[in-house]
Amino acid sequence: MKQRFKLDWLILPLAGIAFVVILWAISSATWAKELPSPLKTWDKSKDYILKPFEKRGEMDQGILLFTWYSLVLVAKGYAIALLIGTPLGFLLGISKAFARTFDPIIQILRPVSPLAWLPLGLVLFLSAGKQASELGALFTIAICAMWPTVLNTAVGVRAVPQDYLNVAKVLKLSRSKTLFKILLPAALPYMFTGFRLSLGIAWLVIVAAEMLTGRPGVGGFLWQEYNSLIYEHIILCIVTIGVVGFILDRLMSVAEGRFKSA
């Protein structure tokens, strides 16, 4: 029986996708008349898919070219989030005084929507001129994406067994050696959970950032097509965002597995 179903990892997801497409087709033919059918969506969007890197204008490009612009911005913002969030998480986990001082501020800022952060980011970087929209978007991505890294890193550091720290004291390890030999390896699984969550949030925020700044990318293209009432392209953008988000999560999962096995 196991031999017969060894392709379950492929067949079952394809069956799920087929079910959603059928439900979509039925909905567009019955109660949601304005919703484009799968065939109509493909017919209207195929040039963006079959010519994924063609550039016809700033906001008229292949879907993979738009995706590339978005990914570059996400990578920059995500890197900033990790560079700030990881040390901050360690400080929260190590120092009770630091946690008591800044944890309330973090809990207040953490739920704030990207739509609220972006105008502040634009105001902060108004003096940058043409770069203001990119810097504002990076600020928004970084500040929204870093919270899972901060909190999970802090939890990981606090979860380090006291026995490990006692051994470090007995061996008279320096603070740097205690950090890299004990705290970091023990907290790494928690940190990777935060990294994965932060990456997902960074990819979500890019849509809002591009929509409000009008930058070329998947989010900017989606907003343009929404204003033009081209629903087929909106669906194309939604599918693209979902697929890319799934791929990013799988890549992070592979990276996490390699670090754990190293």
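The coordinates are above.
Residues numbered from 1 in each chain as written. Predicted model: local features only at pLDDT ≥ 70, side-chain atom pairs only at ≥ 80, totals over all residues. Heavy atoms only, no water.

Focus: the overall build of the protein chain
Scanning the protein chain for helices and strands turns up ten helices and two strands. In the protein chain, the succession of α and β elements from N to C terminus is α-α-β-β-α-α-α-α-α-α-α-α. By principal-axis analysis of the C-alpha atoms, the protein chain measures approximately 70 × 65 × 35 Å. Per-residue burial over the protein chain gives 37% buried out of 262 residues. Put simply, of all contacts in the protein chain between residues at least 6 apart along the chain, 64% involve residues at least 24 apart. Total accessible area on the protein chain is roughly 15700 Å²; 70% of this is exposed by carbon and sulfur atoms. The average position of the 26 basic charges and that of the 15 acidic charges among the side chains of the protein chain differ by 14 Å. (Helix = DSSP H or I, 4+ residues; strand = E, 2+ residues; numbered from the N terminus. Buried < 20%, exposed > 50% of the residue type's maximum accessible area, 1.4 Å probe, protein only. Contact = heavy atoms within 4.5 Å. Areas by Shrake-Rupley, 256 points an atom, 1.4 Å probe, with all protein chains shown as cover. Lys, Arg positive; Asp, Glu negative; His and termini not counted. Charge placed at Lys NZ, Arg CZ, Asp CG, Glu CD.)

Some words on the pattern of salt bridges
Counting across every chain of the model gives eight salt bridges. Between Lys-46 and Asp-43 there is a salt bridge; the shortest N-O distance is 3.6 Å. You can see Lys-46 and its partner Asp-43 sitting in helix α2 (residues 38-50), three residues apart, about one turn around the helix. Of the charged contacts in the structure, one is a salt bridge between Arg-56 and Glu-54, with a shortest N-O distance of 3.1 Å. With relative accessibility at 29%, the residue Glu-54 sits in the partly exposed group. Among the charged side chains, a salt-bridge network with shared partners connects Arg-196, Asp-249, Arg-250 and Glu-256. (Salt bridge = Lys/Arg side-chain N within 4 Å of Asp/Glu carboxyl O.)

Digging into the packing of helix α5 (residues 114-124) against helix α6 (residues 132-158)
Following both chains from N to C, one finds α5 and α6 inclined at 135 degrees, their axes separated by 8 Å at the closest point. Between α5 and α6, the interaxial angle falls into the category oblique. Note on packing geometry: the crossing formed by α5 with α6 is right-handed. Taking contact as the criterion, the partners of Pro-114, Trp-117, Leu-118, Leu-120, Gly-121, Leu-122 and Leu-124 in α5 are, on α6, Ala-132, Ser-133, Gly-136, Ala-137, Phe-139, Thr-140, Ile-143 and Cys-144. When the residues that make up the contact of α5 with α6 are grouped by side-chain class, the tally is eleven nonpolar, four polar and no charged. (Axes fitted to C-alpha atoms, helices over the stretch in contact; angles between N-to-C directions. Parallel < 35°, antiparallel > 145°, perpendicular 65-115°, else oblique. Left-handed = near helix turned anticlockwise from the far one by under 90°. Nonpolar A, V, L, I, M, F, W, Y, C, P; charged D, E, K, R; others polar.)

Section: the nonpolar core
Within the largest apolar cluster, 49 residues are counted, with the highest numbers of intra-cluster contacts made by Tyr-78, Val-150, Phe-195, Trp-203 and Ile-206. Looking at this core, the elements with two or more residues in it are α3 (63-94), α4 (96-109), α6, α8 (175-213), α9 (218-227) and α10 (231-261). Per-element accounting of this core gives the leading share, 13 residues, to α8. Beyond its immediate chain neighbours, meaning those up to four positions away, Phe-195 contacts Tyr-78, Leu-82, Thr-86, Thr-149 and Met-252. (Core = buried A, V, L, I, M, F, W, Y, C linked by side-chain atoms within 4.5 Å.)

Remarks on the side chain of Thr-240
Following the sequence through the fold, Thr-240 ends up in helix α10. One polar contact links the side chain of Thr-240 to the main-chain carbonyl oxygen of Leu-236, over a distance of 2.8 Å. Among residues more than four places away in sequence, those in contact with Thr-240 are Ile-63, Thr-67 and Val-218. (Polar contact = N/O pair within 3.5 Å; in protein donor to acceptor, adjacent residues only side chain to side chain.)

Here's the deal with the packing of α8 against α9
The contact between α8 and α9 brings their axes to 7 Å, and the two run at 55 degrees. Considering their axes alone, α8 and α9 lie oblique with respect to each other. As α8 runs across α9, the sense of the crossing is right-handed. For the pair α8 and α9, contact is made by Val-207, Glu-210 and Met-211 and by Val-218, Gly-219, Gly-220 and Trp-223, respectively. Class assignment of the residues belonging to the contact of α8 with α9 gives a composition of four nonpolar, two polar and one charged.

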